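Chain and residue survey
The lines below spell out each chain.
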Amino acid sequence: MLGDDAELTAAVLAAQDGDETAFRTVYRSVHPRLLGYVRTLVGDPDAEDVASEAWLQIARDLERFSGDADRFRGWAARIARNRALDHIRMRGRRPAIGGDETELTGKAAESDTAGEAMEALATDGTLSLIARLPQDQAEAVVLRVVVGLDAKTAAETLGKRPGAVRTAAHRGLKRLAELLGDDPESAGILDALPPQRDPRDRAVTSASVTHLRSRTQKDV
């Protein structure tokens, strides 16, 4: 288990025992990327409110959760998705992404490749491009690249098969590369994205980063 994952797992367990400091640690670790996922679904103006509703439910149901850091991220993402879909049904449409997305950078160190990818993906232009993807592709890309879920956990969150999520993420990333290719100034953004994380390969290092345009579906 990676250091950050071990820390989050321990914090979740402590929060379940009523440790408020531990719950704040959980919130700081998970909220930035969870908020990015919510923004993919509902857009910037309503994202904070929807995310707040999700955290209220997370806090209320936390004692019933069981699992490690990865399972917690997936569980939190499912709650956030349900709150977002309720909001969309009430409003009747899915908006485009906009506004300041700097929260997606999370807690990563300056030299961390995944953190650099989050910062690159957090630009308004790239998030606007994600908003132009079909919703299944947009969700798959954000859950796998931003939230950091493996294909199985992302599939559980979306109620789909892992293969379908891999395919959607592959198609979404390919389309993003095509869209970014139309803008030479933005063409390098997706080159920094970390490989999609699966249980058998959790580590993300600089040596493991590959160019998106050379990826195949099996890499996603």
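Quick look at the structure, then. This one's a predicted model, so the numbers in the text were calculated from it and none came from an experiment.

With that settled, the discussion passes to the pattern of salt bridges. Per the stated rule, a full pass over the model turns up nine salt bridges. Residue Arg64 pairs with Asp61 through a salt bridge whose shortest N-O separation is 3.0 Å. Measuring nitrogen to oxygen at the nearest pair gives 3.2 Å for the salt bridge that ties Glu178 to Arg175. Of the two residues, Glu178 and Arg175 both sit in helix α9 (residues 162-181), three residues apart, roughly one turn of that helix. A residue is classified by how much of its surface remains accessible, and Glu178, at 40% relative accessible area, is partly exposed. By relative accessible area, which is 35% here, Arg175 ends up partly exposed. What you see here is one network of salt bridges that share partners, running through Asp5, Asp70 and Arg73.

So, about the packing of aromatic side chains. Tallied over the entire structure, the rule returns five aromatic pairs. Pairing Phe23 with Trp55 gives two aromatic rings, centres 6.0 Å apart and planes at 85°, and the pair type is edge-to-face. With a gap of 32 residues between them, Phe23 in helix α2 (residues 20-42) and Trp55 in helix α3 (residues 44-61) connect regions that are remote in the sequence. A relative accessible area of 23% places Phe23 in the partly exposed class. An angle of 40° between the planes, with centres 5.2 Å apart, marks the rings of Phe65 and Trp75 as tilted. You can see Phe65 sitting in the loop between α3 and α4 (69-91) and its partner Trp75 sitting in helix α4, a full ten residues away along the chain. Among the residues examined, Trp75 registers a relative accessible area of 15% and is labelled buried.

Let us look at the packing of α2 against α3. Any two packed helices are characterised by the angle at which their axes cross and by the distance between the axes. Packing of α2 against α3 brings their axes to within 9 Å, and their N-to-C directions diverge by 135°. Compared by their axis directions, α2 and α3 come out oblique. In the packing of α2 onto α3, the handedness of the crossing is right-handed. Only Asp44, Asp46, Ala47, Glu48, Val50, Ala51, Trp55, Ile58 and Ala59 of α3 make contact with α2, whose side of the interface consists of Phe23, Val26, Tyr27, Val30, His31, Leu34, Leu35, Val38, Arg39 and Val42.

About the criteria used
- Residues numbered from 1 in each chain as written.
- Predicted model: local features only at pLDDT ≥ 70, side-chain atom pairs only at ≥ 80, totals over all residues.
- Heavy atoms only, no water.
- Salt bridge = Lys/Arg side-chain N within 4 Å of Asp/Glu carboxyl O.
- Helix = DSSP H or I, 4+ residues; strand = E, 2+ residues; numbered from the N terminus.
- Buried < 20%, exposed > 50% of the residue type's maximum accessible area, 1.4 Å probe, protein only.
- Phe/Tyr/Trp six-rings, centres within 6.5 Å; stacked < 30°, edge-to-face > 60°.
- Axes fitted to C-alpha atoms, helices over the stretch in contact; angles between N-to-C directions.
- Parallel < 35°, antiparallel > 145°, perpendicular 65-115°, else oblique.
- Left-handed = near helix turned anticlockwise from the far one by under 90°.
- Contact = heavy atoms within 4.5 Å.

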